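Given next are the chains, with one letter for each unit.
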Amino acid sequence: MRLLLLTLCIILFGGNTLRLEAKKHFFSNYNFCHITEEAGLPNNSVTAVMKDSFGYIWVATQDGLARYDGYRFLSYGVKEPLYRLKGNYVYTLCEDR
């Protein structure tokens, strides 16, 4: 019984340590940055994210749609003069051919 309890403790506490090490390793291999409204995102409440075949990142928010090219956002919403949306709340994204 003691062996079973000891094994269970090692798995529980050792598993957490291994997960933390894996997380540190993952994040050290990539550059992460937080993109918010200050950077041009229409709203911080993001409902969907998609990368299209041209490499643009499309972000659906509760206040419109945004296309990110790695440097700046191009926003689409109900107030945009050229490409106007019927509503600002964008639920999901998909790419057509």
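Residues numbered from 1 in each chain as written. Predicted model: local features only at pLDDT ≥ 70, side-chain atom pairs only at ≥ 80, totals over all residues. Heavy atoms only, no water.

(A) A look at the environment of Asp63. Here Asp63 is to be found in the loop between strand E2 (57-61) and strand E3 (64-68). By relative accessible area, which is 34% here, Asp63 ends up partly exposed. Here the alpha-carbon distance between Asp63 and Asn43, two residues 20 residues apart in the chain, equals 5.5 Å. Among residues more than four places away in sequence, those in contact with Asp63 are Pro42, Asn43 and Asn88. Looking at Asp63, its side chain comes within polar contact range of the side chain of Asn88, at 3.2 Å. (Helix = DSSP H or I, 4+ residues; strand = E, 2+ residues; numbered from the N terminus. Buried < 20%, exposed > 50% of the residue type's maximum accessible area, 1.4 Å probe, protein only. Contact = heavy atoms within 4.5 Å. Polar contact = N/O pair within 3.5 Å; in protein donor to acceptor, adjacent residues only side chain to side chain.)

(B) Main features of the nonpolar core. Formed by Ala48, Met50, Trp58, Ala60, Leu65, Tyr76 and Val90, the largest nonpolar core amounts to seven residues. Counting only elements with at least two residues in this core, the list comes to strand E1 (46-51) and E2. Core analysis: the second largest hydrophobic core is formed by five residues, Leu41, Val59, Tyr68 and Phe73 among them. (Core = buried A, V, L, I, M, F, W, Y, C linked by side-chain atoms within 4.5 Å.)

(C) Structural view of the side chain of Asp52. Among the secondary structure elements, Asp52 is positioned in the loop between E1 and E2. For Asp52, which is buried and forms no salt bridge, the nearest opposite charge comes from Arg67, at a distance of 6.7 Å. Looking at Asp52, its side chain comes within polar contact range of the main-chain nitrogen of Phe54, at 3.0 Å. At 2.8 Å, the side chain of Asp52 forms a polar contact with the backbone nitrogen of Tyr56. Beyond its immediate chain neighbours, meaning those up to four positions away, Asp52 contacts Trp58 and Glu95. (Lys, Arg positive; Asp, Glu negative; His and termini not counted. Salt bridge = Lys/Arg side-chain N within 4 Å of Asp/Glu carboxyl O.)

(D) The arrangement of the packing of aromatic side chains in detail. Scanning the model with the defined rule gives three aromatic pairs in all. Aromatic side chains Trp58 and Tyr76 sit 5.9 Å apart centroid to centroid with 20° between the ring planes, which places their arrangement in the stacked category. With Trp58 in strand E2 and Tyr76 in strand E4 (residues 73-76), this residue pair connects regions lying 18 residues apart in the sequence. Here Trp58 matches Tyr76 in class, with each residue buried. Taking the centre distance of 4.5 Å and the plane angle of 35° together, the rings of Tyr89 and Tyr91 count as tilted. What makes Tyr89 partly exposed here is its relative accessible area of 37%. (Phe/Tyr/Trp six-rings, centres within 6.5 Å; stacked < 30°, edge-to-face > 60°.)

All we've got here are geometric facts, nothing functional implied.
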